[in-house]
Amino acid sequence: MQVSWSFWLLNISVIIVFLPVFTYCDDLKCFNVPPENCTEELRLKEKCIKTFSDSASKQIHCCNVTNESEITSFLKEHGGSDKITGFHLRYSNLTRLHQNVFISLQPHLVSLSITETSILQWQGTFNENWQINCFNFSHNILGSNISSQFIANLTKLKNFDISNSNISEIPELPGFNSSEFFLDVSGNLHMACGGLVRLTTDKKKTKKSLTFVNKNETTCVPPDALSVKIKLEDVERGVSSTFDNCPEFNNRKCECSVASLDQTKNDKDAVVEVERPYYVYQSLVNCSNLGMNSLPTTLPPYTRILDVSSNSITSLEGIGNETFSSLTELYADNNQIKTLKHLEATDFLGMFQQLTVRNNSIDQIQEYLFSNVFDRSSGGGKLMLAKNYFKCDCTTASKIKIWLMANRKNVPDFDQIYANCDNYQVKVIDLNPKNLCAKPHTFKDYIRYIIGLEVLMFVLLIGKVSYDYYVFKTAGYLPWPASKMPKLPCDWCFET
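Residues numbered from 1 in each chain as written. Predicted model: local features only at pLDDT ≥ 70, side-chain atom pairs only at ≥ 80, totals over all residues. Heavy atoms only, no water.

**Student:** In this structure, what is going on with the overall build of the chain? I would like to understand it.
**Tutor:** On a plain count of helices and strands, the chain comes out with 11 helices and 22 strands. With 496 residues in all, the chain has 45% of them scored as buried. Look at the contacts in the chain between residues 6 or more apart in sequence, and 61% of them connect residues 24 or more apart. For the chain, the exposed surface amounts to about 26700 Å²; the carbon and sulfur share of it is 53%. (Helix = DSSP H or I, 4+ residues; strand = E, 2+ residues; numbered from the N terminus. Buried < 20%, exposed > 50% of the residue type's maximum accessible area, 1.4 Å probe, protein only. Contact = heavy atoms within 4.5 Å. Areas by Shrake-Rupley, 256 points an atom, 1.4 Å probe, with all protein chains shown as cover.)

**Student:** How should the packing of aromatic side chains be read in this particular structure?
**Tutor:** Here the distance between the centres and the angle between the planes together describe a pair of aromatic rings. By the definition in use, this model includes 17 aromatic pairs. Judged by centre distance (5.1 Å) and plane angle (90 degrees), the rings of Phe-126 and Trp-130 are edge-to-face. Assigned by exposure class, Phe-126 and Trp-130 land together as buried. Put simply, the rings of Trp-122, Phe-126, Trp-130, Phe-135, Phe-137, Phe-150 and Phe-160 touch in pairs and so form one group of aromatic residues. Lying over the aromatic face of Tyr-91, Arg-90 brings its terminal NZ or CZ to 5.7 Å of the ring centre. (Phe/Tyr/Trp six-rings, centres within 6.5 Å; stacked < 30°, edge-to-face > 60°. Lys NZ or Arg CZ within 6 Å of the ring centre and 35° of its normal.)

**Student:** Can you help me understand helix H4 (residues 68–78) in this one?
**Tutor:** The α-helix advances 3.6 residues per turn, and as a result positions three or four apart in sequence lie on the same side. Taken as a whole, H4 has its buried residues at Glu-68, Ile-71, Phe-74 and Leu-75. Seen from one end, H4 has its buried residues packed into an arc of 130 degrees, which puts them on one side. Turned more than 90 degrees off the buried face of H4, the exposed positions are Lys-76 and Glu-77. (Arc of directions from axis to C-beta.)

**Student:** Looking at this model, I keep getting lost on the nonpolar core. Mind explaining?
**Tutor:** Looking at soluble globular proteins, one finds that nonpolar side chains tend to be buried together. Membership of the largest hydrophobic core comes to 55 residues, with the highest contact counts inside it found for Phe-87, Phe-102, Ile-114, Phe-126, Phe-135, Phe-137 and Phe-160. Looking at this core, the element that brings in the most residues is strand E3 (residues 84–98), giving 5 residues. Beyond its immediate sequence surroundings of up to four residues, Ile-114 is in contact with His-88, Leu-89, Leu-97, Phe-102, Ile-119, Trp-122, Phe-135, Asn-136, Phe-137, Ser-138 and Asn-140. Counting 48 residues, the second-largest nonpolar core is a separate cluster that includes Leu-290, Leu-343, Phe-348 and Val-411. (Core = buried A, V, L, I, M, F, W, Y, C linked by side-chain atoms within 4.5 Å.)

Structural data, given as structure tokens:
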């Protein structure tokens, strides 16, 4: 496979523009062969050359390799018995490169450089037995299928350069808690901000000695706007803002981290100074298991996720404050919250995505609070209510039961909500309204029957009187029982 002149011109231009990067690697003792050492003879014939730096160590550099077997055959002949400490591959065009190509160098190799090379497919990951402390993987054209773990086990690694290699994600780095680690990811124009946020957060939390090389040239792109370039210093500023405003309770600090980098409609809120759209760092705050009895009064700017589970919180009072204006997810399981009424007319209620209040003391719910929220075109948020024991009454059996069944998509644990009925617990969805909505009988329940009876007796009396009068007029006597009734003192008034 022949390498086109356009490929060489591209790589030569890269060398001229980014020459300071190689100088930095030289300063850190990373084996790096100058471009002029790839002579015409080496390009066309041997491909690889072994050089001597002293009597104890040797290096190998290869140029214009088109197949990994060319490297394998040379190392099989020259690399097994010699103490090879450095290897540099340059100006090559490979369809595939497996890390096992260098396996014969494993005992002594401390510096590995692969630059100005096109590698469509990198295979394999380095294990902890490698001694590599400097890996220059810069100015390459890399395929998209490189494993994120391919250097994660290089425990001796102190310097990793993957600048100008069109990567979209930063590979997982090995642990470096006790020693300084140098990382260069500059010049990757499509690198997502997630990796920089993760590393900067990890550095802030653990005080790791991570140094970004070529910091001013290091940028990243948010996931929804590839044309926006965010500087590393802005990422660090956003992460610092999150940690500096992290709340604490009883001298115990919550755990704070950057959840995401999201757009904001208000340019005054922007913490990243880039062209439109504007961006803010959304924070995640974990205040669980701190013995809190109320919600925190301060949070990092633009806190999106708050976890206050396993505390002694009795109320959600204060959630309508400006502090919670960006909150979309609240996790408050295993507390003593009695009601959700404090959510009424809050920003959180209008935009929440997740509200989890399982295993609390909630015995009734104001379902009207969530009616409009769950009816939104976006589907509304998720409300988790399991292990709360509602009142066993008619309201729960009729209104709440119907509401839960109608909103089962928004209340996924609707079938795990119980009602305390005397000495036993019943699922709310199993309550029978006929049993709980029946009222005890009182005198008022029978008044209609009494009135009906009185009306009937009155009609019968009128009928009897009318019948007696008719018989008396026609037959001249009164029928029984009127004929048997004694005369009263007032009867003379009616005698003729």
